[in-house]
Amino acid sequence: MDTPPSSSVDLLEDWFSTSTRDDLCLNSELTQVRNELWGSVARSEALLTTVSNMARLTTPHIQTLLDQYYDPILSRWKNWPEGDGASMLAFLLEIASHVAMLDGQSNSIFILDAKTFSSKEAGEHLSSEINPFIYAYASETMPKMLYTCGFAAKRVFASRLDLTLFPAVVVAEELAYFVHFDKAGAVSIPPVHMNKEPHRFITLIMGYVKWTMSARDSTISVTPGGIAAVSGPSTKEFEGHLILEKTLHDTGLIKGRCSRVFLTYDIKLPDIALILKDWWRHAEGPDEGNILRQVSGLFGLPQYVHHWTVTSEESQQVTALLGSDLALCPIFSEGDHLSREQRIHSRMLVRTVGNHLLTYRSNPRKVLTAIHDAILGHWGLYTAGYSHNDVSYGNILVLEDPISASYYHNSSQLPVSPLNSQCHGFLNDLDMSRPTNEIQADGRLLESAGGDALGSMQYLGYQKLTPLTHRRSVVKDNLESFFWVLVCTAFWLPDPDPAPESWNESIEHTIKIALFPKQSLPGKSLFGTQKLGLLNWMQDITGYWRFYDSTSELYRDIIERWAKYFVTHDLYSVEEEYSNVLRILRECLDACSV
C-alpha cells in the first residue's frame with residue numbers, strides 16, 4: 001500500500017505560496033495566459049479522490065504492473081530517470097503506455113512536453129483516437145510552469161475541438177503536481193510522490209484520462225477524409241449535420257467565452273454557406289441566440305437560422321467544479337476571491353457571411369458604407385431593447401454582395417434612408433448585448449448586471465475606461481467604438497523592416513503602439529486617459545503627425561470630424577446621437593472620391 005508523505009497538502013501550499021511573481025520573465029504569450037488565469041486558479045483536496053475513483057482500475061491489475069516495473073525494496077520505479085526533463089518525459093511515456101494497456105483500451109495516452117511541442121506536432125499527434133496529457137519539468141517557478149502548461153493547452157484545444165478540459169502534470173524531483181484546465185480556469189490537487197505512492201500515481205494518470213474522455217464533446221466527429229463535422233438539432237430547412245469548411249475566427253483562449261467561428265454547410269444543402277458560432281456563454285448573462293432570433297430581419301444585423309445548447313450523453317456541457325471545496329491559489333490573485341464562472345457550451349447558426357474591413361482598406365467608400373450600415377444595425381438592436389456593448393473590428397463585416405433594403409422589415413423606419421437602397425455591411429456578435437432596461441437614469445449601463453465584462457479596451461469609448469463622473473450615454477459610448485474601429489482600419493499597416501524615420505513619426509505607428517502595445521495594456525483609467533489624448537490630437541492629425549501611407553490620408557476628414565464630435569460633452573437624446581454620427585459620416589461619403 002502507498003505511504004503518502006504526511007505533508008502532501010503542505011507541499012502543495014508550499015509550491016504555490018513560496019513562488020514569486022516574476023512577470024519580467026514572461027514573454028508576451030505567457031503574459032496573456034497569466035492574464036486569462038488571474039484569479040481563476042484553484043486547488044482542491046477532494047478532487048484527488050474524485051479523479052482516482054474515475055480510473056476504475058482494480059488492485060490486481062495495478063499490482064501486475066508494479067510487480068514488473070516497481071522495486072518495493074528501494075521504493076522506486078526500476079526505470080526511474082536520473083537527469084533532465086527529457087529523460088523524465090521518456091519515463092512518463094513508458095508508464096503511460098503500460099497504464100493504457102492495463103486498462104485494456106484501444107486509445108493511447110500521448111504525453112506532450114509543454115515547452116517544446118509545436119502546433120504542427122499537436123495537429124499530427126492529437127487525433128480523436130489519442131488521449132493527450134501535458135507534461136512540464138519544474139525547472140522554474142510554479143507560476144511560470146503553470147503558464148507554460150496553459151499555453152500548451154491553448155494549442156491542444158485549437159487542434160482538438162472535442163476537448164472541453166485538459167490535464168497536465170508538472171514534475172518537481174519525485175513529486176507530480178496534477179492540474180487541469182477548463183473553461184473556468186485551472187484546478188490543481190495535492191502532489192503525489194511518484195516513488196512512494198506508485199499506486200496513486202498510476203491511478204491518477206488513468207483517472208485524468210478517463211475524466212477527459214467523459215468530458216469530450218460527442219457532437220464533434222471527423223469524416224474519413226479528415227474533415228471535422230458537427231451534429232446539431234435539425235430544422236425544417238436543415239438536417240443538422242454540419243461540415244466545417246474553414247475556421248474564420250478563434251479567440252485562442254483557455255477560459256471564458258472561447259468563441260470560435262466556422263464557415264460551414266449542412267449536408268442536406270451544401271450550396272448554402274452558413275456561419276457556425278461555438279462559444280461558452282456566461283450562465284448569468286443573456287443568450288445571444290435568443291437575442292438574434294428576436295432581432296433577425298432588422299437592417300444591418302445577421303440572419304438567424306438556429307441556436308442550441310450543446311449536450312453530450314443527454315447532459316448540457318457546462319463548467320464544473322464550482323463548489324465550496326475549492327480554495328484560491330493566492331499566488332495567482334491580488335485578492336482572496338476565486339473567480340470560477342458557470343459557463344454553458346452554446347452554438348448558433350446564421351446565414352449572413354461577410355468579410356473584414358481591412359480587406360477593403362484601399363476603398364474608403366466601401367469601408368465607410370459598411371460602418372454606416374453597421375451603425376444602423378446598432379440602432380435597430382437598440383430600438384428592439386438591447387445595447388450591443390462590444391463594437392469592435394471583428395464585429396463589423398462587409399457583405400460581398402449587398403442585400404436589397406426591402407428584405408429588412410424595418411427599412412422604412414430607419415433614422416436615415418439606406419445608401420443605394422441596399423445593405424452593405426452588418427454588426428455581428430451580440431453575446432455581450434444587454435437589455436436597455438439595465439441602463440440607469442443617467443444613461444450609464446448597470447455594471448452589476450450579470451454576464452461578461454463589456455468589450456475590448458482598444459475599442460471602448462474613453463469614458464467607459466475612466467472613473468470620471470459624467471452623464472454621457474451608453475449609446476455615445478457605443479458609437480465612439482465605431483470611431484476606434486475606423487481608426488484601426490484606416491491606419492493599420494504591417495511594420496516596415498527596416499523602419500525608416502518617417503514610420504516612427506507617423507500616425508500609423510502611433511496608433512499601433514498606443515492601442516496594441518507589444519506588452520500588456522495599461523490599467524483601464526490610464527488607457528482611457530491616453531485614448532482621450534488621442535481623440536484630442538486626432539482633431540488635427542497633421543498638426544501632430546505625418547501620414548506614412550497615402551491610403552491612410554484618404555480617411556483624414558471623417559476621422560478628424562468624428563474625433564471632434566466624440567471628445568465633446570454635449571448632451572443629446574438617443575435619436576440625436578445616432579443622427580449626428582450618421583450625418584457626419586454621410587457628408588464625408590458624399591465628399592469621398594475613392
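Before any of the text, the structure's been laid out above.
The text that follows walks through the structure, step by step, so that each part is easy to find. Every value quoted in this text rests on a predicted model; they were computed, and no experiment measured them.

Conventions we followed
- Residues numbered from 1 in each chain as written.
- Predicted model: local features only at pLDDT ≥ 70, side-chain atom pairs only at ≥ 80, totals over all residues.
- Heavy atoms only, no water.
- Phe/Tyr/Trp six-rings, centres within 6.5 Å; stacked < 30°, edge-to-face > 60°.
- Helix = DSSP H or I, 4+ residues; strand = E, 2+ residues; numbered from the N terminus.
- Buried < 20%, exposed > 50% of the residue type's maximum accessible area, 1.4 Å probe, protein only.
- Expected span 1.5 Å × (residues − 1).
- Contact = heavy atoms within 4.5 Å.
- Core = buried A, V, L, I, M, F, W, Y, C linked by side-chain atoms within 4.5 Å.
- Domains from an automatic or database assignment.
- Pairing = 2+ DSSP bridges.
- Axes fitted to C-alpha atoms, helices over the stretch in contact; angles between N-to-C directions.
- Salt bridge = Lys/Arg side-chain N within 4 Å of Asp/Glu carboxyl O.

### Remarks on the packing of aromatic side chains
Next, step 1: What the rule picks out here adds up to 25 aromatic pairs.
Next, step 2: With 6.2 Å between their ring centres and 50° between their planes, Phe483 and Phe566 make a pair best called tilted. Placement of Phe483 in helix H12 (residues 474-491) and of Phe566 in helix H17 (residues 556-567) is noted, with a sequence separation of 83 residues between them.
Next, step 3: Residue classification places Phe566 among the buried positions, given a relative accessible area of 0%.
Next, step 4: Aromatic side chains Trp503 and Tyr548 sit 5.2 Å apart centroid to centroid with 80° between the ring planes, which places their arrangement in the edge-to-face category. With a gap of 45 residues between them, Trp503 in helix H13 (residues 501-504) and Tyr548 in the loop between helix H15 (524-537) and helix H16 (550-553) connect regions that are remote in the sequence.
Next, step 5: Note on Trp503: relative accessible area 2%, which makes it buried.
Next, step 6: Tyr548 gets classed as partly exposed once you look at its relative accessible area, which sits at 33%.

### Some words on H15
Next, step 1: Between its first and last C-alpha atoms H15 spans 20 Å; for 14 residues at 1.5 Å apiece the expected length is 20 Å, and the two agree.
Next, step 2: Of the residues making up H15, those classed as buried are Phe527, Gly528, Lys531, Gly533, Leu534 and Leu535.
Next, step 3: Looking at the buried positions of H15, the neighbouring elements they touch are helix H11 (462-465), H12, helix H14 (507-515) and H17.

### Re the nonpolar core
Next, step 1: Judged by nonpolar contacts, the single largest core of 83 residues is most densely connected at Met538, Ile559 and Trp562.
Next, step 2: In terms of residue count, H12 provides more of this core than any other element does, 12 residues in total.
Next, step 3: Counting contributing residues per domain, this core is built from domain 2 (220-352) and domain 3 (375-379 + 405-592), each supplying no fewer than three.
Next, step 4: Those residues in contact with Ile559, other than ones at most four positions away along the chain, are Phe483, Leu486, Val487, Ala490, Phe491, Met538 and Ile541.
Next, step 5: Leu57, Leu92, Val187 and Ala215 belong to the second largest nonpolar core, which has 48 residues in total.

### A word on the sheet that holds strand S15 (residues 304-309)
Next, step 1: Taken in spatial order, the seven strands make up an open sheet running S10-S11-S12-S13-S14-S19-S15, and their pairing is antiparallel. Looking at strand neighbours, the two that pair on one side only are strand S10 (220-222) and S15, the edges of this open sheet. Sheet twist, expressed as the average angle between the axes of neighbouring strands with direction ignored, equals 35°.
Next, step 2: Sheet topology places strand S11 (residues 228-231) next to strand S12 (residues 241-250); three bridges connect them, and they run antiparallel. Note on S12: the bridge partner recorded for Val230 is Leu242.
Next, step 3: Sheet strands in contact with helix H9 (residues 288-295) are strand S14 (269-282), S15 and strand S19 (343-350), and its direction is about 160° off that of S15.

### Notes on the environment of Ala320
Next, step 1: Tracing the chain through its elements places Ala320 in the loop between strand S17 (315-316) and strand S18 (327-328).
Next, step 2: Taking the C-alpha atoms as reference points, Ala320 and Gln342, separated by 22 residues in sequence, lie 7.4 Å from one another.
Next, step 3: Discounting residues that sit within four places of it in the chain, Ala320 has contacts with Asp182 and Arg340.

### What to know about the pattern of salt bridges
Next, step 1: Under the definition given, this model contains 21 salt bridges.
Next, step 2: The salt bridge involving Asp217 is made with Arg347; its shortest N-O contact spans 2.6 Å. Of the two residues, Asp217 is situated in the loop between helix H8 (198-214) and S10 and Arg347 in strand S19; the sequence distance between them amounts to 130 residues. As far as the burial class goes, Asp217 and Arg347 line up, both buried.
Next, step 3: Across the pair Lys277 and Glu288 runs a salt bridge, and its minimum N-O distance is 2.7 Å. You can see Lys277 sitting in strand S14 and its partner Glu288 sitting in helix H9, a full 11 residues away along the chain. Grouping residues by exposure puts Lys277 and Glu288 together as buried.

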